[in-house]
Amino acid sequence: MKPSERKKFAEAVRQLRGNRSTREFAKILGLSHAIIRAWENPKSSVYPEKKNIEKIAVLRGETYSEFMSHLENPGELPDSFERLLLQVQNQAPVLSPSQISKILRILADYLDFL
């Protein structure tokens, strides 16, 4: 992993962990809290195995390939909202009118709730 990719990976792990402790987040992944701390440090020499990168990708709602593409390319990692928008944009051409209508109803109901 290149230093720029390592930095983005560390950022992704921190974002996913959120307010959880490293121990709590490590338990979710089935890892030690020391591994999580090492991953969150972009200068650490501890590199994640592919199976663990896949776990992070899944938690982000991405495939391994999508996540690696984000790490390898310049720019910020997309947040969950940006990923959702990309998914909708990619799926829109194959959605039926009734599926699009359902999505719009969900959004309208949510706006009424606010």
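This text follows the structure it describes.
Residues numbered from 1 in each chain as written. Predicted model: local features only at pLDDT ≥ 70, side-chain atom pairs only at ≥ 80, totals over all residues. Heavy atoms only, no water.

A.B. asks: Help me understand the nonpolar core, please; the structure alone is not making it clear to me.
C.D. replies: Across soluble globular proteins, nonpolar side chains show a tendency to be buried alongside one another. Formed by 15 residues in total, the largest nonpolar core has its most connected members in Phe9, Val13, Phe25, Ile36, Trp39, Ile56 and Phe67. Secondary-structure elements contributing two or more residues to this core are helix 1 (3–17), helix 2 (22–29), helix 3 (33–40), helix 4 (50–59) and helix 5 (64–72). Element by element, the count of residues in this core is highest for helix 1, at 4 residues. Ignoring anything within four residues of it in the chain, the contact list for Ile56 reads Phe9, Val13, Leu16, Phe25, Leu29, Trp39 and Phe67. (Core = buried A, V, L, I, M, F, W, Y, C linked by side-chain atoms within 4.5 Å. Buried < 20%, exposed > 50% of the residue type's maximum accessible area, 1.4 Å probe, protein only. Helix = DSSP H or I, 4+ residues; strand = E, 2+ residues; numbered from the N terminus. Contact = heavy atoms within 4.5 Å.)

A.B. asks: Just checking my understanding: could you explain the environment of Ser98 for this structure?
C.D. replies: Take Ser98: it is sitting in helix 7 (residues 97–113). A polar contact is formed between the side chain of Ser98 and the side chain of Ser96, at a distance of 3.0 Å. (Polar contact = N/O pair within 3.5 Å; in protein donor to acceptor, adjacent residues only side chain to side chain.)

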